[in-house]
Amino acid sequence: MTNNRLFDDASQRLQLALKYVDLPDDVLTSLSYPKASLSISIPVRMDDGSLQIFQGYRVRYDNTRGPAKGGVRYHPNVSPDEVQSLAFWMTFKCAALNLPFGGGKGGITVDPKALSKMELERLSRGYVDAIADFIGPDIDILAPDVYTNPMIMGWMMDQYSIIQRQVCRGVVTGKPLALGGSQGRNSATGTGAFYVIETLQSQLDLVPSETTVAVQGFGNAGAVVASQLAAAGYRIVAVSDSRGGIYAPQGLDIPSIRQQKEASRGIQAVYCEGTVCSLVEHQVITNEDLLKLEVDILIPAALERQITAENADQIEARYIFEVANGPITSAADAILEQNNILVFPDILVNAGGVTVSYFEWVQNRSGLYWEEAQVQGQLQEKMVAETQAIWQISQQQGISVRTAAYVHALNRIGAAVTAKGTRTDYLNP
Ligand SMILES: NC(=O)C1=CN([C@@H]2O[C@H](COP(=O)(O)OP(=O)(O)OC[C@H]3O[C@@H](n4cnc5c(N)ncnc54)[C@H](OP(=O)(O)O)[C@@H]3O)[C@@H](O)[C@H]2O)C=CC1
Ligand SMILES: O=C(O)CCC(=O)C(=O)O
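Here the structure is a predicted model, which is why all the values come from computation and not from measurement.

## Focus: the overall build of the protein
Item 1. When helices and strands are tallied, the protein shows 15 helices and 13 strands.
Item 2. Relative to its length of 429 residues, the protein is compact, with a C-alpha radius of gyration of 21 Å against a globular reference of 22 Å.
Item 3. Considered along the principal axes of its C-alpha atoms, the protein spans approximately 55 × 55 × 45 Å.
Item 4. Looking at the 429 residues of the protein, the share that counts as buried comes to 52%.
Item 5. For the protein, contacts bridging at least 24 residues in sequence account for 70% of all contacts bridging at least 6.

The following block contains the structure:
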């Protein structure tokens, strides 16, 4: 699995950062492989009576700083390599935000839009049946990612509780409020990204009314950050979803586009059936075109490997904020840097989601639930503090913001590896 390209590329970021930290070799050695990887087959009885088998995965990359934490993705391209890479990124994201978690991730290779709601529920419960011995509130905690949502998290928590014969809220975050979810989790990824941009506003010379933004992906992460930026006065000139994008140099009416996209969900449908392309009268563009627009801020908020060595030279944005995980390859990073395009990395920019997941886990453990204002206040405090710390490392050491974020995370992981001592037995933690 470790020879696979996405993971090899992800590891290169760590190699770069190692030059700027003074840590024992044990730290890198302990971070070279995932702690555990599980591959499963999930049998699902389909509505027509047939049996289908789906492939699923859960990877616990590291748990030195706490239980593994990370989302579950439903997508046709989910692979062991992708899940391992996503779990690797979660490890550094949780450390960069100083959350007491390691990194994990899961996924199922499926086109969830092709399933009925009942099939989706059976698949989600089957996934938990198959991984139940691998996860737990103090072992590995699930959450939403691409094409999973609070409803699916609720099914997963319920299934785990059935297996354990007790209510186990803390094994899944991103749940519906009715099942112990947290205020603010649904919008946390986009809101966290907004706080990162807001924190850097003066350093980057951003005047909202004069700043143009293009956002790729109009889901939980992309639609929220677009809305927050639009509300703050930024001019969102392009947005897209899986079927393409729209462009309007004078700026798009984001609340209306969001409302219409949401309305396309229907009463029973889990996923939005409409595309931003068909919703309003604007110039239709492709996802590839969107990336090449001359804008101040480009926000990839869909899938990984969107900006590669092939198109990096055509990127005309001044700043890129990675709301998606892994949207830029390491080869593209080098080209963008040469072209003076400043990249703000996924492990910082999209960390609002896992931060509010942490708050949800804390609330589940204490049994005391927070008001929305408390969640927002603590999210903002954390995003601002860690953004400033990472920016400072980048400026002081003259390194990219991505490398600075890895340095920041590595110092915390390194301290935990060292504090654990030299024990090498298998019974970890
Ligand atoms: N949810 C979370 O809490 C977090 C998510 N992230 C990351 O953010 C990114 C987006 O996740 P999230 O918003 O939650 O997922 P969602 O499932 O909510 O939305 C995904 C969005 O991406 C669009 N999309 C899918 N494929 C493509 C494509 N090939 N090109 C352009 N757009 C596409 C979808 O289009 P359509 O509407 O047509 O289906 C949809 O608008 C992922 O990289 C994820 O890992 C990171 C941290 C936390
Ligand atoms: O909320 C979480 O635990 C993790 C969300 C996630 O999968 C991510 O940050 O990529």
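## Observations concerning the packing of helix α4 (residues 117-131) against helix α5 (residues 150-164)
Item 1. For the pair α4 and α5, the least separation of the axes is 9 Å and the interaxial angle reads 45°. When the axes of α4 and α5 are compared, the pair comes out oblique. You can see that α4 and α5 cross each other, and the crossing is right-handed. Side by side, α4 and α5 meet where Glu121, Ser124, Arg125, Val128 and Asp129 of the first sit next to Ile152, Trp155, Met156, Gln159 and Tyr160 of the second.
Item 2. For the contact of α4 with α5, the residue count by class is five nonpolar, two polar and three charged.

## Re the site of ligand 2
Item 1. Taken together, 14 residues surround ligand 2, and among them Gly71, Ala143, Asp145, Val354 and Ser357 come closest.
Item 2. Per element, the largest residue contribution to the shell around ligand 2 is three residues, and it comes from helix α13 (residues 352-366).
Item 3. Of the residues that constitute the shell around ligand 2, the class distribution is three nonpolar, eight polar and three charged.

## A word on the domain arrangement of the protein
Item 1. Its domain assignment divides the protein into domain 1 (34-178) and domain 2 (188-349).
Item 2. Listing elements by their share of the side of domain 1 that touches domain 2, those giving two or more residues are α3 (80-96) and α4.
Item 3. Considering each element in turn, the side of domain 1 that touches domain 2 owes the most residues, six residues, to α3.
Item 4. The residue inventory of the side of domain 1 that touches domain 2, partitioned by class, reads eight nonpolar, one polar and three charged.

## Some points on the UniProt feature "active site" (unreviewed entry) in the protein
Item 1. In the numbering used here, UniProt assigns the feature "active site" (unreviewed entry) to Lys105.
Item 2. As for its position among the elements, lysine 105 is in strand β5 (residues 102-109).
Item 3. For lysine 105, a count of 32 C-beta atoms within 10 Å corresponds to the buried category.
Item 4. Once residues within four sequence positions are removed from consideration, lysine 105 is found in contact with Val59, Gly70, Gly71, Val83, Leu86, Ala87 and Met90.

## Here's the deal with the sheet that holds strand β9 (residues 244-247)
Item 1. Ordered in space as β10-β9-β8-β7-β11-β12-β13, the seven strands form an open sheet in which the pairing is mixed. Of all strands in the sheet, those with a lone pairing partner are β10 (283-285) and β13 (342-344), marking the two edges. Across the sheet, the axes of successive neighbouring strands diverge by a mean angle of 20°, strand direction being ignored.
Item 2. Here four bridges tie strand β7 (residues 212-216) to strand β11 (residues 297-300), and the two strands are oriented parallel to one another. Opposite alanine 214, over in β11, you have leucine 298 as the bridge partner.

Parameters at a glance
- Residues numbered from 1 in each chain as written.
- Chains lettered and ligands numbered in written order.
- Predicted model: local features only at pLDDT ≥ 70, side-chain atom pairs only at ≥ 80, totals over all residues.
- Helix = DSSP H or I, 4+ residues; strand = E, 2+ residues; numbered from the N terminus.
- Rg over C-alpha atoms; globule rule 2.2 N^0.38 Å.
- Buried ≥ 20, exposed ≤ 12 C-beta atoms within 10 Å, placed from the backbone.
- Contact = placed C-beta atoms within 7 Å.
- Axes fitted to C-alpha atoms, helices over the stretch in contact; angles between N-to-C directions.
- Parallel < 35°, antiparallel > 145°, perpendicular 65-115°, else oblique.
- Left-handed = near helix turned anticlockwise from the far one by under 90°.
- Nonpolar A, V, L, I, M, F, W, Y, C, P; charged D, E, K, R; others polar.
- Near = placed C-beta within 6 Å.
- Domains from an automatic or database assignment.
- UniProt positions renumbered as here; feature names shortened; annotations may be inferred.
- Pairing = 2+ DSSP bridges.

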